[in-house]
Amino acid sequence: MRSGVHHVNTDKLARLTLVGFILTFVLSRAFVLLIMAHEIPNFYFFLRGTHVHHLNYGIFLLAAVGGYSVFRRPVGRSAGATALLYGVAMALTFDEFGMWLHLGGSYWQRTSVDAVILLAALFALVAFARSIERFESRHFWAFLAIALAVGGFAWAVFAAGSRLGHLVGPRLRELEISSSP
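The structure presented is a predicted model; accordingly, all values stated were derived computationally and were not measured.

Caption draft 1: Local environment of the packing of helix α1 (residues 10-36) against helix α5 (residues 110-128). The geometry of α1 relative to α5 is characterised by a closest axis approach of 8 Å and an angle of 155° between their N-to-C directions. Relative to α5, α1 is oriented roughly antiparallel. Handedness of the crossing formed by α1 with α5: left-handed. Within the contact between the two elements, α1 uses D11, A14, R15, T17, L18, F21, F25 and R29 and α5 uses S112, V113, V116, L119, A120, F123, A124, V126, A127 and F128. Looking at side-chain class alone, the contact of α1 with α5 contains 13 nonpolar, 2 polar and 3 charged residues.

Caption draft 2: Region of interest: the packing of α1 against helix α3 (residues 77-94). Taken N-terminus to C-terminus, the directions of α1 and α3 make an angle of 35°; their axes are 7 Å apart at the nearest point. α3 is crossed by α1, and the crossing has right-handed handedness. Residues L13, L16, T17, G20, F21, T24 and F25 of α1 pack against A79, G80, A83, L84, Y86, G87, V88, M90, A91 and L92 of α3. Residues belonging to the contact of α1 with α3 are distributed by class as follows: 12 nonpolar, 5 polar and no charged.

Caption draft 3: Structural detail: α3. Its 18 residues give α3 an end-to-end C-alpha distance of 26 Å, which sits within 8% of 26 Å, the value for a rise of 1.5 Å per residue. Those residues of α3 that fall on the buried side of the exposure criterion are A79, G80, T82, A83, G87, A89, M90, A91, L92, T93 and F94. Elements in contact with the buried residues of α3: α1, α2 (54-72), α4 (97-101) and α5.

Caption draft 4: Looking closely at a nonpolar patch on the surface. A surface patch of nonpolar side chains, amounting to about 630 Å² of accessible area, comprises V19, L23, L27, F31, L34, F43 and L84. Element by element, the count of residues in the nonpolar patch is highest for α1, at 5 residues. On the secondary structure map, L23 appears in helix α1.

Caption draft 5: Spotlight on the side chain of T17. Residue placement: T17 occurs in helix α1. Not counting chain neighbours up to four residues away, the residues in contact with T17 comprise A83, Y86, G87 and F123.

Caption draft 6: The arrangement of the packing of aromatic side chains in detail. Counted according to the given criterion, the structure contains 7 aromatic pairs. With a centroid separation of 6.5 Å and an interplanar angle of 70°, the aromatic rings of Y44 and F46 are classed as edge-to-face. Accessibility expressed as a relative area gives 28% for F46, which makes it partly exposed. What links up through ring pairs into an aromatic cluster is the set F21, Y86 and F123.

Rules used throughout
Residues numbered from 1 in each chain as written. Predicted model: local features only at pLDDT ≥ 70, side-chain atom pairs only at ≥ 80, totals over all residues. Heavy atoms only, no water. Axes fitted to C-alpha atoms, helices over the stretch in contact; angles between N-to-C directions. Helix = DSSP H or I, 4+ residues; strand = E, 2+ residues; numbered from the N terminus. Parallel < 35°, antiparallel > 145°, perpendicular 65-115°, else oblique. Left-handed = near helix turned anticlockwise from the far one by under 90°. Contact = heavy atoms within 4.5 Å. Nonpolar A, V, L, I, M, F, W, Y, C, P; charged D, E, K, R; others polar. Expected span 1.5 Å × (residues − 1). Buried < 20%, exposed > 50% of the residue type's maximum accessible area, 1.4 Å probe, protein only. Patch = residues over 30% accessible without salt bridge, like charges linked within 9 Å, V, L, I, M, F, W, Y side chains within 5 Å. Areas by Shrake-Rupley, 256 points an atom, 1.4 Å probe, with all protein chains shown as cover. Salt bridge = Lys/Arg side-chain N within 4 Å of Asp/Glu carboxyl O. Phe/Tyr/Trp six-rings, centres within 6.5 Å; stacked < 30°, edge-to-face > 60°.

So this is what it looks like as structure tokens:
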């Protein structure tokens, strides 16, 4: 510890965020599919007949994690737990990103999946990029190549997602409608 400042391993924290983000996204999508297919009980939370979507849980968790980070400035294990919870909150929120744009829209909007893929790529870039303190001119070309690869990947996801949406979308909408009370 130098001059009262704790050393923070941002790479490790970013990796914990990425793990929490990906696992939460995969689990939330799996649970939604299983509930809609009536393979597991419907444990959605309803408030006076209104389905409270999990993006709301994510928003509240983001607020709690943000407040904790600002006022407590966690270090060590607390920082790791905070990073993991941040990833969980981001996944819960961005899994339903399409609903931010189209209130009342379907859960299966492609916009949500696109946003999750791009955020995961960004988290991975931060988690596995070299430390900014050691950024040298030779790293610029590697960064540019990675940025172009992520951009190309985003384009591929968008192009493939359009075709896949036309094939699978109608069945997913049927499942969504049949699972709501």
